[in-house]
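Residue strings, one per chain:
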Number of protein chains: 2
Amino acid sequence: MANDWATFGADLHLELRGTGLRTGLMDALREAVRSGRLEAGVRLPSSRSLAADLGVARNTVADAYAELVAEGWLTARQGSGTRVAQRAVPRRTGGTAGAAGAAGTRPPVTARRDTARPTYDLKPGVPDLASFPRAEWLKASRRALTAAPHEAFGYGDPRGRIELRTVLAEYLARARGVHARPERIVICSGFVHGLMLMGQVLRARRVREVAVESYGLDAHWDLLTRAGLRLPALPYDELGTRTEELTAMKGVGAALMTAAHQFPLGGALHPDRRVAAIDWARASGGLILEDDYDGEFRYDRQPVGALQGLDPERVVYMGTSSKSLAPGLRLAWMVLPDGLVDEVVAAKGRVDWVSSSLEQLTFAEFLASGAYDRHVRAMRLRYRRRRDALVAAVAAHSPETRVSGIAAGLHAVLELPPGLEPAVLRSAAWQGLALLGLNRFRHPDVPTTQDGLVVGYATPSDSGWAGALAALCRVLP
Amino acid sequence: MANDWATFGADLHLELRGTGLRTGLMDALREAVRSGRLEAGVRLPSSRSLAADLGVARNTVADAYAELVAEGWLTARQGSGTRVAQRAVPRRTGGTAGAAGAAGTRPPVTARRDTARPTYDLKPGVPDLASFPRAEWLKASRRALTAAPHEAFGYGDPRGRIELRTVLAEYLARARGVHARPERIVICSGFVHGLMLMGQVLRARRVREVAVESYGLDAHWDLLTRAGLRLPALPYDELGTRTEELTAMKGVGAALMTAAHQFPLGGALHPDRRVAAIDWARASGGLILEDDYDGEFRYDRQPVGALQGLDPERVVYMGTSSKSLAPGLRLAWMVLPDGLVDEVVAAKGRVDWVSSSLEQLTFAEFLASGAYDRHVRAMRLRYRRRRDALVAAVAAHSPETRVSGIAAGLHAVLELPPGLEPAVLRSAAWQGLALLGLNRFRHPDVPTTQDGLVVGYATPSDSGWAGALAALCRVLP
């Protein structure tokens, strides 16, 4: 049978090896449509049942479906499910041998992009890109290019440029209470790159399980899973993640934590829970991977210092410029226990294959000149105002919706009455408002659902913010 | 036994999993010294015998030894072999638990670097870093920062910025005869990154063997080996690599080639051999990975066009700015067969986790403004003069030494009488001249040795060039 799902599922399993789960699934689905195995109009299984067949997270399937809808391969209609689009029927171009034969059907890049772009974007994870400090960055770039020694243009130290590691050590101590020395810092091209390196290091140390929080990003979980690690979830309550449970989780060698501002729930880890995490790491020899993605943005008080400050030998501190400045820079950093530096360097490579030395030197100048502090202060004020406006608008338009979490970061959680999340998300999609529900961040082991919205209030530009907020209010109960 | 090599070798095997072979070996040796398993003064096995024990290339062990000598962990003396240094005896710092205990013995970074730095550097692989066009790059950077749309600062297309792919397609067609369209190009952070991605893609396609040339870089071979691929060597003769042998190599699914300028031997692939490579790829469905690392630098004629132009559906073209501009930029590109783009993107990630969008936009401006062409022309003249000076100096000081290979690129091979290579390299090391022999680039399957030097004449600055050349002449027979 051309559309026998059992066979198709088995094929997918094979195709998924060694690539990203979501993109691998998308490739397999595209190929099935191209090859005619899935014919136009055929209804696909629900994301829940295909996820169960393939043994992957349901969000992985749902996201793959959504992207393929945006690309024009599939269609999704209320009550009719997800189907292969009529115009996705393959037009085989003859002649060329092998893998190239299916090329004719891929829609052009720009068209694909435009189709997928919503009018308003309140998904979390991206800062206000219109506020990137272009003039200050250019100044730093000029100073860096002028001052750089010739060797900076060559193959570099795998830990990254010493100039950047030196100013970062000073900055992180001052701003985040991190116990940092330049020789313990390794520059990476983002949190994802750092987590990839830590996955390799942990596997080389024969760690088999990494405890994660009940809510988090499936992209990070997928990455560690592909590295061969199992990811049991830590329970949580009103004080945050229940780190005291770590002691009972015997196979666990590391714990991935967003201690300063849980992502996405938005709480700060209670002091007792911080101590329990450190106690567990000391007693068991385990490591804590501290994902401090937005630690600079706290609006009601001074930010709580990094967990790493409590025990620099048991915590891998991971910071990034992706939320404070821009993801496009691809600049992040790890502060490592002394004994781990050589292992991370071994995983990263003998020289720095990844990060541009000029970009690193520019960021070092940007930090050293105080431009980074000024930018963070300006953005803190701006994001705080947006958060205040969000809280006020929600209170006015939807009094039964509670905004939870601390006043911090670039996102807030709007708690919804049970069962309402899917309807709100559908309504948002119809209005061209890109929005994510809380349930997509839930770890597969967590049994109880919790309806809500994870609203990223940093992404819209200043001119788009009012419209986005109004659109949000229209879809709230 | 504390110094039982069988046990130690077994441990090393375990430690080496999932990390770079050379760095993994260095870590294992450092750890053995730190822990006291290898005591001060103990003589290590020869690099040949340890390499055989571990099943790794001999150069991997020799390089690890050399670096550990430079770092002060080991000593090497003529006639006495390689021994654990007296001052490397571990000084255990008490108190801290776990992996951090051994930290006290690592020498400071700067000291380690200085010890290893020679007076003159004629190793191949790095361009003249003093000639980096700082002013022009800054201008391009300013234009890029001014013109960039806001979204450029966000998470990017995994293929890289469309602006860069568009100008690269035009440039590669013009300068290298590459059949390139922007949607077939994927930006990567260097040839190594591209090769890593191709290793993943080939494994996902169930390719098990990749044919390589008889001489090449063991770093590249190690990378493919770690991806799970076997690497049989293609024989070569005076016309270059014998690509007609590919047909008989049944298990081979891809071939890694430096067609325009074999590295390190320096020949150009004969036209018949180019055609044979393409014929094999078409008939077998195999892929050719074309490493066009220095294709812009030909001094006696127009550069021969890329192999990729012969059949864009069977050749993965891989270019880089590391030789033409600077390795510190971490900017390279792949031009892919249509059917392969999605697979490479799947391996690279759903968004661009690696390359800075600002750096990509700056390079796009640098290319579009003609600054790249001007820089390549200027460097071509400079490197050509250096090559001419090298040929003349060798002819004058050591008439029996032949300079082989075409007039191209950033390196030349000096053929030495059989058996002389080790003595020349030792003499160079005593003079503070960093130099590499030809034999370290030989594939393990190639039975016959061939003595020579691989001289990188691009690396010294203009002011250091005369001294480096004089030092080279002093060590020649």
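Residue positions are given per chain, counted from 1 along the sequence in the order it is written. Written order determines the labels here, with chains lettered from A and ligands numbered from 1. Owing to the predicted nature of the model, reporting of local features is limited to residues with pLDDT of at least 70; listing and counting of side-chain atom pairs is limited to 80 or more, with chain, interface and lining totals taken over all residues. Remark: hydrogens and water are excluded; side-chain values derive from all non-hydrogen atoms of the structure.

Some details on the domain arrangement of chain A
A common way to state how big an interface is: give the accessible area lost once the parts meet.
All names here are of chain A.
For step 1, the next point in the chain: Boundaries of every domain are those given by an automatic assignment or by a domain database. What the domain assignment lists for chain A is domain 1 (4-87), domain 2 (89-131 + 371-477) and domain 3 (148-369).
For step 2, the next point in the chain: Each of domain 1 and domain 3 has a C-alpha centre, and these two points are 34 Å apart.
For step 3, the next point in the chain: Take the accessible area each of two parts loses on contact, using a 1.4 Å probe, and add the two losses: that sum is the buried area. Buried area between domain 1 and domain 3, both sides added, is near 400 Å², and the carbon and sulfur share of it is 43%.
For step 4, the next point in the chain: Whenever Lys or Arg places a side-chain nitrogen within 4 Å of a carboxyl oxygen from Asp or Glu, that contact is recorded as a salt bridge. Counting across the domain 1 and domain 3 interface gives 0 salt bridges.
For step 5, the next point in the chain: Two N or O atoms count as a polar contact when they lie within 3.5 Å, although within protein this holds only if one can serve as hydrogen donor and the other as acceptor, and sequence-adjacent residues are included solely when both atoms are side-chain atoms. At the boundary of domain 1 with domain 3, the tally comes to 0 residue pairs in polar contact (both at pLDDT 80 or more).
For step 6, the next point in the chain: Broken down by secondary-structure element, the contributors of at least two residues to the side of domain 1 that touches domain 3 are helix 2 (21-34) and helix 4 (58-71). Secondary structure is summarised from DSSP: a helix means a run of H or I of at least four residues, a strand means a run of E of at least two, and numbering begins at the N terminus for each.

Some words on helix 6 (residues 134-147) of chain B
Two residues of an α-helix separated by three or four positions point the same way, owing to the 3.6 residues in each turn.
All names here are of chain B.
For step 1, the next point in the chain: A helix is expected to span 1.5 Å multiplied by its residue count minus one. Given a rise of 1.5 Å per residue, 14 residues ought to cover 20 Å, and the 20 Å separating the end C-alpha atoms of helix 6 matches this to within 8%.
For step 2, the next point in the chain: Buried residues are those whose accessible area, probed at 1.4 Å on protein chains only, stays under 20% of the maximum for their type, while exposed residues exceed 50% and partly exposed ones sit between those limits. Along helix 6, the residues classified as buried are Arg 134, Trp 137, Leu 138, Ala 140, Ser 141, Ala 144 and Leu 145. Viewed end-on, helix 6 has its buried residues packed into an arc of 160 degrees, placing them on one side of the element. For helix 6, the exposed residues set more than 90 degrees away from the buried face come down to Ala 135, Thr 146 and Ala 147. In this description, one arc is meant: the one made by directions from the helix axis to the C-beta atoms.

Observations concerning the sheet that holds strand 4 (residues 185-188) of chain A
Residue and element names in this part refer to chain A.
For step 1, the next point in the chain: When DSSP locates at least two bridges between a pair of strands, those strands are taken to pair. In space, the 7 strands of this open sheet follow the order 4-12-11-10-9-5-6, with mixed pairing throughout. Sheet topology places strand 4 and strand 6 (233-234) at the edges, where each strand pairs with a single neighbour.
For step 2, the next point in the chain: Where strand 11 (residues 315-320) lies against strand 12 (residues 332-335), 4 bridges are found, and the strand directions are antiparallel. Bridging across to strand 12, Gly 319 finds its partner in Trp 333.

Things to note about the packing of aromatic side chains
For step 1, the next point in the chain: Under the pairing criterion, centres of Phe, Tyr and Trp rings, with the six-membered ring standing for Trp, must be within 6.5 Å; the plane angle then separates stacked pairs below 30 degrees from edge-to-face pairs above 60, leaving the rest tilted. Counted according to the given criterion, the structure contains 26 aromatic pairs over all chains.
For step 2, the next point in the chain: Considering the side-chain rings of Tyr155(B) and Trp353(B), the 6.2 Å spacing of their centres and the 75 degrees angle between planes classify their relative orientation as edge-to-face. Here Tyr155(B) is found in the loop between helix 6 and helix 7 (162-176), whereas its partner Trp353(B) is found in the loop between helix 11 (341-348) and helix 12 (357-368), with 198 residues between them in sequence.
For step 3, the next point in the chain: Members of the aromatic cluster, connected to one another through ring pairs, are Phe132(A), Trp137(A), Tyr171(A), Trp333(A), Phe363(A), Phe366(A), Tyr372(A) and Phe153(B).
For step 4, the next point in the chain: In this structure, Arg440(B) packs its charged tip against the face of Phe441(B), placed 5.6 Å from the ring centre. Any Lys NZ or Arg CZ found within 6 Å of a ring centre and within 35 degrees of that ring's normal is scored as a charge over the ring.

Concerning the packing of helix 12 of chain B against helix 13 (residues 371-397) of chain B
Residues and elements named next belong to chain B.
For step 1, the next point in the chain: Orientation of helix 12 relative to helix 13, taken along the N-to-C sense of each, is 70 degrees, at an axis distance of 4 Å. Considering the angle they form, helix 12 stands roughly perpendicular to helix 13. Contacts from Phe 363, Phe 366 and Leu 367 in helix 12 reach Ala 371, Tyr 372 and Asp 373 in helix 13.
For step 2, the next point in the chain: For the contact of helix 12 with helix 13, the residue count by class is 5 nonpolar, no polar and 1 charged. What counts as an axis is a line fitted to C-alpha atoms, over the stretch in contact for a helix, and the angles between N-to-C directions run from 0 to 180 degrees. We call two directions roughly parallel when the angle between them is under 35 degrees, roughly antiparallel when it is over 145, roughly perpendicular when it lies between 65 and 115, and oblique otherwise. What makes two residues a contact is simply this: any of their non-hydrogen atoms within 4.5 Å. Charged means Asp, Glu, Lys or Arg here, nonpolar means Ala, Val, Leu, Ile, Met, Phe, Trp, Tyr, Cys or Pro, and polar covers whatever is left, Gly included.

Examining the sheet that holds strand 16 (residues 436-437) of chain B
Residues and elements named next belong to chain B.
For step 1, the next point in the chain: On the basis of which strands lie adjacent, the open sheet formed by 4 strands has the order 13-14-17-16 and antiparallel pairing. Whereas interior strands pair on both sides, the edge strands pair on one side only; in this sheet they are strand 13 (402-404) and strand 16.
For step 2, the next point in the chain: Direction of pairing for strand 16 relative to strand 17 (residues 452-456): antiparallel, over a ladder of 2 bridges. Paired with Leu 436 across the two strands is Val 454, which belongs to strand 17.

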